[in-house]
Amino acid sequence: MKDRTMRAIWKEIFSLCFYLAIVMGCTYVLVHYALQRTQVEGQSMQATLFDGDQVLVDKLTYRFKEPQRFDVIAFPYRYEQDTYYVKRIIGLPGEKVRIDRNGTIFINDEALKEDYGAEPIRQPGYAVTPRILAEDEYFVLGDNRNDSVDSRFSAVGLVRRPEIIGKVFLRIYPFSSAGWIQ
């Protein structure tokens, strides 16, 4: 009887340890390969995202399909480790991007119809001269165009496809603003 009870106890302990190992393994895979939590710092993505917002980045979608125009993406800042930028894709690989002195964005010489920018761009930066994107380059802008360091400036420049961490898809904090990112 005592021997049977000890076996049952060891079986339960083993079962619990096995269950915990599976949960920890799934959590590791989820955190390292599927999702990433990132905090927005600054006003560059207002009115879509605000300073202090916590967002989730989907790291899987772009393994199966290419990033699309107007997707909000996360990518590492080149000059500071563990710092990520969150910006909106405007120009796609192979396109010619230009911003005129009136703040109009042109894609392949046609004015881009979009309403993400809070106001007209006052400083086109390098994009005043047409930029032809290579087959793995994207042109990104912050939604708060006049308070954003983005592809118009050398500190960010064009974002290469391998640099894209993933698509920002969900605001998780503050709870009052939690929801999907359009």
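Residues numbered from 1 in each chain as written. Predicted model: local features only at pLDDT ≥ 70, side-chain atom pairs only at ≥ 80, totals over all residues. Heavy atoms only, no water.

### Focus: the layout of surface pockets
For clarity, the cut-off: Buriedness for pockets is judged along seven lines, at least five of which must meet protein on both sides within 12 Å for an open set on the 1 Å grid over protein atoms alone, while cavities are sets there where a 1.4 Å probe fits but cannot get out, and lining residues have an atom within 4 Å of a point. Grid points are joined across faces, edges and corners, and a volume is the space filled by probe spheres set on the points. We count a stretch as a helix when DSSP gives it H or I for four or more residues in a row; a strand needs E for two or more, and each element gets its number in order from the N terminus.
There is about 390 Å³ of room inside the largest pocket. Considering the residues around the largest pocket, the lining is formed by 17 residues, among which Q39, E41, T83, Y84 and Y85 are closest to the centre. Of all the elements in the fold, those that place two or more residues in the lining of the largest pocket are β1 (35–39) and β4 (84–91). Ranked by residue count, the leading element in the lining of the largest pocket is β4, at 4 residues.

### Quick notes on the pattern of salt bridges
Applied cut-off: What makes a salt bridge here is a side-chain nitrogen of Lys or Arg within 4 Å of a carboxyl oxygen of Asp or Glu, nothing more. Type-normalised accessible area, obtained with a 1.4 Å probe on protein chains alone, sets the label of each residue: buried when under 20%, exposed when over 50%, and partly exposed for intermediate values.
Under the definition given, this model contains 11 salt bridges. A salt bridge links E95 to R69, with the shortest nitrogen-to-oxygen separation between them at 2.6 Å. Of this pair, E95 sits in the loop between β4 and β5 (96–99) while R69 sits in the loop between α2 (61–64) and β3 (72–76), and the two are 26 residues apart along the sequence. The exposure class of E95 is buried, given its relative accessible area of 10%. A relative accessible area of 23% places R69 in the partly exposed class. Among the ionic pairs, R160 bridges to D136, the shortest N-O distance being 2.9 Å. Separated by 24 residues along the polypeptide, R160 in strand β10 (residues 159–160) and D136 in the loop between β8 (131–132) and β9 (137–141) bring together distant segments of the chain. On the basis of relative accessibility, which here comes to 38%, the residue R160 falls in the partly exposed class. Given a relative accessible area of 22%, D136 falls into the partly exposed group.

### Section: the sheet that holds strand β7 (residues 110–111)
The line we're drawing: We treat two strands as partners when DSSP finds at least two bridges between them.
The strand order across the open sheet built from 4 strands is β7-β6-β5-β8, with neighbouring strands paired in antiparallel fashion. Each edge of the open sheet is held by one strand with a lone partner, namely β7 and β8. Looking at chain direction, strand β6 (residues 105–107) and β7 are connected through 2 bridges and run antiparallel. Within the sheet, the bridge partner assigned to F106 lies in β7 and is A111.

### Some words on empty space enclosed by the protein
The criterion, for reference: Polar here means any residue other than Ala, Val, Leu, Ile, Met, Phe, Trp, Tyr, Cys and Pro, which are nonpolar, and Asp, Glu, Lys and Arg, which are charged; Gly is therefore polar.
What the rule picks out here adds up to 1 cavity of 30 Å³ or more. Each pocket or cavity is described by its volume, and for the largest cavity that value is around 50 Å³. Lining the largest cavity are F75, P76, Y77, R78, Y85, A155, V156, V159 and E163. Broken down by class, the residue content of the lining of the largest cavity amounts to 7 nonpolar, no polar and 2 charged.

### Brief notes about the environment of I165
To be explicit about the condition: Contacts are assigned to residue pairs that have any heavy atoms within 4.5 Å of one another.
One can find I165 in the loop between β10 and β11 (166–173). Given the relative accessible area of 23%, I165 is considered partly exposed. Those residues in contact with I165, other than ones at most four positions away along the chain, are Q36, V57, D58, K59, A74, F75, P76 and Y84.

### Details of the state of the cysteines
Definition in use: Working definition: a disulfide is two cysteine sulfur atoms within 2.5 Å of each other.
Per the stated rule, a full pass over the model turns up 0 disulfides. C17 carries a free sulfur, and the closest cysteine sulfur to it, the one in C26, is 16 Å from it.

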